[in-house]
Every structure is written in structure tokens, then in C-alpha cells.
Amino acid sequence: MSRYETRSYCDGASGQCNSYSSSSSVRVEHKTKPIEIYAFIDPACPNCWGLEPIIKKLTIQYGQYFKFRYVLGGTLNTLNVLESKTKNEKAEQWEQISRRYGMPCNGDVWLEQSIKSTFPAVIAVKAAELQGKQAGFRYLRKLREAFFLKKQNISEESALLRCAEETNLDLDEFKRDIQGQGAVKAYQCDMKTTREMEVDTLPTLVFLNAKADEEGVKISGNYPYKAYEQVIFEMLGRQPDAGEPPTIEGFLQKYPFVSTKEIAMVYDLTCEEAERKMKKLQLQQVVKRVPVKNGTFWRA
């Protein structure tokens, strides 16, 4: 992957990349971290779900250098792309994506549920964010688990409320917010950012530099970890020392429900090696194994 002139693209099998001019009205405002990363996603997009292991590793190794933000880019390539497909074709596409990225997706959700729109889920995530950035992160994760693993219909309010309860949100406040205008306006801000940065594919990661005269970098699609790491090196102008990951037990304290793929990515293991390590912890009753279709999760 190479850097290009602003707004020129390189097409590839797994995505697109281009430099992004920081002359947009979007600015890096964080005073202590030199980089800001915007991750444009849809909660129901399996390709976006596939980036979770990479985001976790970037945060552990280089989180001291960047501020991270999810931006809900609408249903650019989730239901719109799948609209013309049969239920069986949708289910098979999910199975293929799951095998490609290693983050389990249960395609049977398309056979068992009638999902007409992800808009209610998007508004629910914005409502959760009104209770704080970390609350929004936790809710987004719980929502994805409900959808990709448990085959729940996240267009139904009952599923959205259940996720809020499991995330320990203030339920009364959450119920008011998903019916109010605050969450809608927050989502409209996300869509404005999506348009300003000319994002038309999900997932997309945009890296912005605190130096206003330097271009940022936009990566559309899914790339190997090294591609995102290299962008950070280029923006810093050096290769910084990477942060050491915590013990697996410490990792599970922060992320109490993670996939084998996420563990493998963070600790530079194959999925087979990660499985063996986790089975040892299972025998010590440190973790519980949670088998799901197309993979395994581990609960602290």
C-alpha cells in the first residue's frame, strides 16, 4: 500500500486507500495525542466486525498516540448491498466473510429473522453514547454480539433494550434517548462527517494528523494489520516502541468476552495456538469456552 495524491485511489481486492486532505472542517482536536482515527462502520456490517481484532491490537500497541472514534456511516454497504439477494445468499455471504476474517458470524440470522433496517440499531448506539464514550463502545460491542452470534433481530426495540440492560446502561435514560431527537441529531452529525470525508465504503478508517498542513490517510476496506501500523509510523515520522500486551488474564479483565481471533491477533499467535492457550486457562477455571457457529469465544 502506498500513499497517493489527495483524492486519488488505488483499487485492490480487499479495499481502497488514498490520502485525505485535512483541510476538511473535521479537525484533530486532541491536545496530547498526535493522531485521531475515525472508524466508519455499520453495526450490522460483517466486514466492519472483521476489523475488531485489528482495532484492539492497534489500541494496545499504539493507543498512547491516537484518539479513536467510531462513526456510524449508515447502511452504505450492509442492507443496501444485500437487498437484491435471497435469504440463503445472504446467509452464505456471511459464512464466507466469517471464514475470511475469523470473526464468527452466524448467517442463519437471515433465515430466522426479518430485518428490514439497521436504522433503529444505529440510533440505539448513538443513544448509548449519550451516556459516555465508553458506554457507547460497550453497547456497540454487545449489540454486535447479539446480532452476529445470537441471531437477534436488532431492528426490534426489545433486542435493543436487552443489550442496554446487559451493558448496565441507565435504562430509563436510554429509553428516552432512543425516542428523542438527541440521538438522531448525533447520527446526523456522523452522516455529515461521512460526507465530508467522502466515505462511500464500510469499513473505512481515516487517520488524521494534528498538524493541520499534513494530509491524513483514508483506508477503505479490510487490510492486514501491518498496513494500518505503517500508516501510524508514517504519520508519526518514526517507528515508536509498541506497547506490550497485558497478560491474557489482564486482557480478559478489560475485554471479558473475546474471540479466539482477537486473542490470536493481539498476541501474535495462530488461532490454533490461541485455542491451546485458552484451553489451559479453561482447565484452570480462569475462562469459560463459548462455542459459536464459525468460531469460539472466551468469557472471563
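Residues numbered from 1 in each chain as written. Predicted model: local features only at pLDDT ≥ 70, side-chain atom pairs only at ≥ 80, totals over all residues. Heavy atoms only, no water.

(A) Structural context of the pairing of strand E9 (residues 295–299). When strand E7 (residues 257–259) meets E9, the two strands line up antiparallel, connected through three bridges. By the bridge assignment, Val258 is partnered in E9 with Trp298. Pairing of strand E8 (residues 288–292) with E9 involves five bridges; the strand directions are antiparallel. Counted as the bridge partner of Val290 is Phe297 from E9. In this antiparallel pair of consecutive strands, E8 and E9, the connection spans two residues, and Asn294 shows a positive phi of 75 degrees. (Pairing = 2+ DSSP bridges. Helix = DSSP H or I, 4+ residues; strand = E, 2+ residues; numbered from the N terminus.)

(B) Main features of unusual backbone geometry. With an omega dihedral of 0 degrees, the bond running from Leu202 to Pro203 counts as a cis peptide bond. Note on placement: Pro203 falls in the loop between helix H10 (181–196) and strand E5 (204–209). Positive phi is not limited to glycine here, since Gln285 has a value of about 60 degrees. Mapped onto the elements, Gln285 comes out in the loop between helix H14 (271–283) and E8. When its relative accessible area of 74% is taken as the criterion, Gln285 is described as exposed. (Buried < 20%, exposed > 50% of the residue type's maximum accessible area, 1.4 Å probe, protein only.)

(C) Up close: the sheet that holds E9. In spatial order, the strands read E7-E9-E8; together these three strands make up an open sheet with antiparallel pairing. The two strands at the open ends of the sheet, each matched to only one other strand, are E7 and E8. If you compare each strand with its neighbour and ignore which way they point, the axes differ by 30 degrees on average. Across the face of the sheet, helix H7 (residues 133–149) comes into contact with E7, E8 and E9 while running at roughly 55 degrees to E7. (Axes fitted to C-alpha atoms, helices over the stretch in contact; angles between N-to-C directions. Contact = heavy atoms within 4.5 Å.)

(D) Seen up close, the environment of Ala159. By the element assignment, Ala159 lies in helix H8 (residues 157–166). Accessibility expressed as a relative area gives 3% for Ala159, which makes it buried. In the structure, Ala159 is positioned 13 residues away from Ala146 in sequence and 7.9 Å away in space, judged by C-alpha atoms. Contacts of Ala159, omitting those with residues within four sequence positions, involve Gln152, Asn153 and Ile154.

(E) Examining a positive patch on the surface more closely. On the surface, Lys150, Arg162, Lys288 and Arg299 cluster together to form a positively charged patch. Following the sequence through the fold, Lys288 ends up in strand E8. (Patch = residues over 30% accessible without salt bridge, like charges linked within 9 Å, V, L, I, M, F, W, Y side chains within 5 Å. Areas by Shrake-Rupley, 256 points an atom, 1.4 Å probe, with all protein chains shown as cover. Salt bridge = Lys/Arg side-chain N within 4 Å of Asp/Glu carboxyl O. Lys, Arg positive; Asp, Glu negative; His and termini not counted. Charge placed at Lys NZ, Arg CZ, Asp CG, Glu CD.)

(F) Main features of the nonpolar core. If you look at the biggest cluster of nonpolar residues, it comprises 73 residues, and the most contacted ones within it are Tyr139, Phe147, Phe174, Phe207 and Tyr228. Beyond its immediate sequence surroundings of up to four residues, Phe207 is in contact with Ile35, Glu36, Ile37, Gly216, Val217, Ile219, Tyr228, Val231, Ile232 and Met235. Within the second largest apolar cluster, 15 residues are counted, among which are Ala264, Ala274, Val287 and Trp298. (Core = buried A, V, L, I, M, F, W, Y, C linked by side-chain atoms within 4.5 Å.)

(G) Structural context of the layout of surface pockets. What the largest pocket holds in volume is close to 850 Å³. Lining the largest pocket we find 28 residues, and of these Gln134, Phe137, Arg138, Lys254 and Tyr255 sit closest to its centre. Broken down by secondary-structure element, the contributors of at least two residues to the lining of the largest pocket are helix H2 (52–62), strand E4 (66–72) and H7. Considered class by class, the residues forming the lining of the largest pocket number nine nonpolar, six polar and 13 charged. (1 Å grid on protein atoms, 1.4 Å probe; cavity = no way out; pocket = protein on both sides within 12 Å on 5 of 7 lines; lining within 4 Å. Points joined across faces, edges and corners; volume = space filled by probe spheres on them. Nonpolar A, V, L, I, M, F, W, Y, C, P; charged D, E, K, R; others polar.)

(H) Looking closely at the packing of aromatic side chains. For the structure shown, the criterion picks out 16 aromatic pairs. Considering the side-chain rings of Tyr70 and Phe137, the 5.5 Å spacing of their centres and the 85 degrees angle between planes classify their relative orientation as edge-to-face. With a gap of 67 residues between them, Tyr70 in strand E4 and Phe137 in helix H7 connect regions that are remote in the sequence. Owing to a relative accessible area of 23%, Phe137 belongs among the partly exposed residues under this scheme. Where Phe251 meets Tyr267, the ring centres are 5.9 Å apart and the plane angle is 90 degrees; that geometry is what we call edge-to-face. Remark: Tyr267 occurs in the loop between helix H13 (260–266) and H14 and Phe251 occurs in helix H12 (residues 248–254); sequence separation between them is 16 residues. The class for Phe251 is buried, based on a relative accessible area of 1%. Positioned above the aromatic ring of Tyr255 is the side chain of Lys56, whose terminal nitrogen or guanidinium carbon lies 4.7 Å from the ring centre. (Phe/Tyr/Trp six-rings, centres within 6.5 Å; stacked < 30°, edge-to-face > 60°. Lys NZ or Arg CZ within 6 Å of the ring centre and 35° of its normal.)

(I) Fine view of H7. For H7, built from 17 residues, the straight-helix expectation of 24 Å at 1.5 Å per residue is met to within 8% by its first-to-last C-alpha distance of 24 Å. The buried fraction of H7 is high, at 12 of 17 residues. Those residues of H7 that sit buried are Ala135, Gly136, Tyr139, Leu140, Arg141, Leu143, Arg144, Glu145, Ala146, Phe147, Phe148 and Leu149. Just downstream of H7, Lys151 is the residue with a positive phi angle, here 60 degrees. (Expected span 1.5 Å × (residues − 1).)

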